[in-house]
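Geometric and topological summary
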Amino acid sequence: MEHLHHIKKQMFFLSIFCCLALQFGCMTNHVSKKIEVDDEPKYTVFKIDSINNYYLVYLSFEKKTYKVVSKKEVITNCKTIKLGDKYNLFNLNRIIIPEDYIPKNVATGSPLEFVPDCIKFDEQTEICRERGMDNIYRSDNLKGLCYIDSLPAVKSLPTLSR
């Protein structure tokens, strides 16, 4: 009889162990699925245009759109971006910096009235932000129309004149 009691006790602990193992396995599987979802590409190229010596690459990400300016360059052996392609990362840097234009000691109703909508890139090229876009951007991930996975220091745009 005591032997039967001992077997019941072992079965009880074994069933608890199996339940915990099953629960842990489900949690691990759930976490790995979440990681896979988080690793999906985030930026989609929805338009590519050009003006003079610059490419304009339009990206969408989480209901927001970005206009990225990249100087035209001929580069061999690169991953050329294409319409509809998705990318995990674009290191976006604002080109129009509002703080550079707002006067420091002028009281005004709207300081943003001093911030331009367009920036002159060279003598022939002026690029403007568009409706629904808060700024114009550059990205270290983009050289010409080449997507760069790693982020070396890339100087693809000239110093902007105001």
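Since we're looking at a predicted model, the values are computed, not measured.

Turning to the state of the cysteines, a few remarks are in order. The tally for this structure, following the rule as stated, stands at 2 disulfides. Through a disulfide, Cys78 is tied to Cys146; the S-S separation comes to 1.9 Å. As the torsion about the S-S bond is roughly -55°, the Cys78-Cys146 disulfide counts as left-handed. Of this pair, Cys78 sits in the loop between strand E3 (64-71) and strand E4 (79-80) while Cys146 sits in strand E11 (residues 146-147); the two residues are 68 residues apart in sequence, bridging distant segments of the chain. For Cys78, a relative accessible area of 31% translates into the label partly exposed. Overall, the relative accessible area of 6% leaves Cys146 in the buried class. Cys118 shares a disulfide with Cys128; S-S distance 1.8 Å. Given an S-S torsion of about 100°, the disulfide between Cys118 and Cys128 has right-handed geometry.

The subject of this paragraph is the pairing of strand E1 (residues 43-51). With 2 bridges connecting them, E1 and strand E5 (residues 86-87) associate as antiparallel partners. The residue of E5 that forms the bridge with Thr44 is Lys86. Pairing of E1 with strand E2 (residues 54-61) involves 7 bridges; the strand directions are antiparallel. In the strand pairing of E2, Ile48 is matched with Val57. Between E1 and E2, which follow one another and run antiparallel, lie 2 residues, and Asn52 among them has a positive phi close to 50°.

In this section: the pattern of salt bridges. Within the structure shown, the criterion is met by 4 salt bridges. Across the pair Asp134 and Lys64 runs a salt bridge whose closest N-O atoms are separated by 3.5 Å. Placement of Asp134 in the loop between strand E8 (126-128) and strand E9 (137-139) and of Lys64 in strand E3 is noted, with a sequence separation of 70 residues between them. Taking the shortest distance from any N to any O, the salt bridge between Asp117 and Arg129 comes out at 2.9 Å. With Asp117 in the loop between strand E6 (92-94) and strand E7 (118-120) and Arg129 in the loop between E8 and E9, this pair connects stretches of sequence that are 12 residues apart. According to the relative accessible area criterion, Asp117 is partly exposed, its value standing at 45%. Classification of Arg129 by relative accessible area gives partly exposed; the value is 23%.

The share of residues in the chain with pLDDT of 70 or more is 63%, and the mean pLDDT across the chain is 76. Scored below 50 in pLDDT, residues 28-38 shows 0 contacts in the model against residues more than four places distant or in partner chains.

Each value, and the rule that gives it
Residues numbered from 1 in each chain as written. Predicted model: local features only at pLDDT ≥ 70, side-chain atom pairs only at ≥ 80, totals over all residues. Heavy atoms only, no water. Disulfide = S-S within 2.5 Å. Helix = DSSP H or I, 4+ residues; strand = E, 2+ residues; numbered from the N terminus. Buried < 20%, exposed > 50% of the residue type's maximum accessible area, 1.4 Å probe, protein only. Pairing = 2+ DSSP bridges. Salt bridge = Lys/Arg side-chain N within 4 Å of Asp/Glu carboxyl O. pLDDT = per-residue confidence, 0-100. Contact = heavy atoms within 4.5 Å.

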